[in-house]
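# Understanding the architecture of this molecule
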Amino acid sequence: MAEPEQVERIGIGELRQNPSKIVAGLKRGKTYVLTEYKRDLAIITPTAHGTVAGVTSVPPTTIPAKSDRPVDVSVFAHHTLTTANTIDDLLDDLKGMW
């Protein structure tokens, strides 16, 4: 009977900080379990022959062209400031926090 494949658990932070290590492992056929706060979230496995069954390609996302028309702000609800007298005062206060 064949030994079960070793599966490595990786946290979201490790995936974010060192994705090239995970990609290299996937290219070698390694499987990973993605965890968050030590709870299993997903299984990341390499595809057979570099394809996913039923998917031929993923279309690229296109950003629509910018409109020359002015934005209709009337659709936004009016908001009364409670922590500052003007928007400029509010932004100055927020900048101080950065």
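A quick note: this is a predicted structure, and the numbers were derived from the prediction, not measured. (Residues numbered from 1 in each chain as written. Predicted model: local features only at pLDDT ≥ 70, side-chain atom pairs only at ≥ 80, totals over all residues. Heavy atoms only, no water.)

### With respect to the overall build of the protein chain
Each helix and strand counted, the protein chain has three helices and three strands in total. For the protein chain, the sequential pattern of α-helices and β-strands runs β-α-α-β-β-α. Buried residues in the protein chain amount to 9% of all 98 residues. Residue pairs at least 24 apart in sequence account for 28% of intrachain contacts in the protein chain once pairs closer than 6 positions are excluded. For the protein chain, the exposed area adds up to about 9300 Å²; of that, 58% sits on carbon and sulfur atoms. (Helix = DSSP H or I, 4+ residues; strand = E, 2+ residues; numbered from the N terminus. Buried < 20%, exposed > 50% of the residue type's maximum accessible area, 1.4 Å probe, protein only. Contact = heavy atoms within 4.5 Å. Areas by Shrake-Rupley, 256 points an atom, 1.4 Å probe, with all protein chains shown as cover.)

### Topic: the confidence of the model for the protein chain
For the protein chain, the mean per-residue pLDDT works out to 80, and 76% of the residues sit at or above 70. Per-element mean pLDDT across the protein chain ranges from 82 in helix α3 (residues 87-97) up to 92 in helix α1 (residues 12-17). (pLDDT = per-residue confidence, 0-100.)

### Digging into the pairing of strand β3 (residues 39-44)
Note that strand β2 (residues 31-36) and β3 share five bridges and pair antiparallel. Counterpart to Y32 in the pairing with β3 is I44. Taking the residues that link successive antiparallel strands as the turn, the β2-β3 hairpin has two residues, and the phi of Y37 there is positive, at about 50 degrees. (Pairing = 2+ DSSP bridges.)

### Focus: the pattern of salt bridges
This model, assessed by the stated rule, comprises four salt bridges. Of the charged contacts, one joins E8 and K30 as a salt bridge, the two residues approaching to 2.7 Å between their closest N and O atoms. Here the residue E8 occupies a position in strand β1 (residues 7-11), and K30 occupies one in the loop between α2 (19-27) and β2, the gap between them amounting to 22 residues. The partner of R9 in a salt bridge is D40, with the nearest N and O atoms 2.9 Å apart. Residue R9 is located in strand β1, and its partner D40 is located in strand β3; the two are separated by 31 residues in the primary sequence. (Salt bridge = Lys/Arg side-chain N within 4 Å of Asp/Glu carboxyl O.)

### A short note on the sheet that holds β1
What links the strands of a sheet is backbone hydrogen bonding, and the strands pair in either a parallel or an antiparallel sense. Spatially, three strands are ordered β1-β2-β3 in an open sheet, and the strand pairing comes out mixed. Where the open sheet ends on each side, the last strands, each with one partner, are β1 and β3. Averaged over all pairs of adjacent strands, the angle between their axes in this sheet comes to 30 degrees, without regard to strand direction. In the packing of α2 onto the sheet, the strands contacted are β1, β2 and β3, and the crossing angle to β2 comes to about 145 degrees. (Axes fitted to C-alpha atoms, helices over the stretch in contact; angles between N-to-C directions.)

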